[in-house]
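Understanding the architecture of this molecule
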Amino acid sequence: QVQLVESGGGLVQPGGSLRLSCAASGSIFVIYSMGWYRQAPGKQRELVAAITGSGNTNYADSVKGRFTISRDNAKNTVYLQMNSLKPEDTAVYYCNANLRRITNTRPDDYWGQGTQVTVSS
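Residues numbered from 1 in each chain as written. Predicted model: local features only at pLDDT ≥ 70, side-chain atom pairs only at ≥ 80, totals over all residues. Heavy atoms only, no water.

1. Regarding the sheet that holds strand β8 (residues 77–82)
Going by this rule: Only strands joined by at least two bridges in the DSSP assignment are considered to pair. Working definition: helices are DSSP H or I runs of at least four residues, strands are E runs of at least two. Numbering for both runs from the N terminus. Here an angle of 0 to 180 degrees is reported between the N-to-C directions of two axes, which are lines fitted to C-alpha atoms, with helices fitted over the stretch in contact.
If you trace the 4 strands from one edge of the open sheet to the other, you get β1-β3-β8-β7, paired in antiparallel fashion. In this open sheet, the two edge strands, each paired with only one partner strand, are β1 (2–7) and β7 (67–72). This sheet shows a mean twist of 15° between the axes of neighbouring strands, independent of strand direction. Pairing of β7 with β8 involves 6 bridges; the strand directions are antiparallel. In the strand pairing of β8, arginine 71 is matched with valine 78.

2. Topic: the environment of arginine 106
Applicable threshold: Contacts are residue-level and defined by heavy atoms, with any inter-residue pair within 4.5 Å sufficient. N or O atoms within 3.5 Å of each other form a polar contact, as long as, within protein, one can give a hydrogen and the other can take it, and as long as residues adjacent in sequence are counted only when both atoms are side-chain atoms.
Structurally, the position occupied by arginine 106 is in the loop between β9 (91–101) and β10 (108–111). Those residues within four positions of arginine 106 in sequence are excluded, and the remaining contacts are Leu99 and Arg100. One polar contact links arginine 106 to aspartate 108, side chain to side chain, over a distance of 2.7 Å.

3. Comments concerning the side chain of threonine 115
Assignment of secondary structure puts threonine 115 in strand β11 (residues 115–119). Polar side-chain contacts of threonine 115 include one of 3.4 Å to the backbone nitrogen of glycine 9. Beyond its immediate chain neighbours, meaning those up to four positions away, threonine 115 contacts Glu6, Gly9, Leu20, Ala91, Val92 and Tyr93.

Have a look at this one:
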């Protein structure tokens, strides 16, 4: 079994910062990519940022220059540093990991439970 546990969401004023964390645990053989998605009310889930095992990153245009994704491979943990937050960043943020379990021969996608980020004055 694999679990992704997120933390760090909350309420912040516009222009403020938050840092999200997501730790993967369980019968993991290797984690390929990790990332963050978000879903605002009435909208589809969208990619915010992703990072490969070698550190290559990909960002949504709307967060470039404001958000930074990083990863600690030793801890199976991914982080999302969010600066200069805007009201339109308000959403539930979900952690994603593409990984192979010890008992499997192919990778699968796993998701965290989601953490609420609200940007409001």
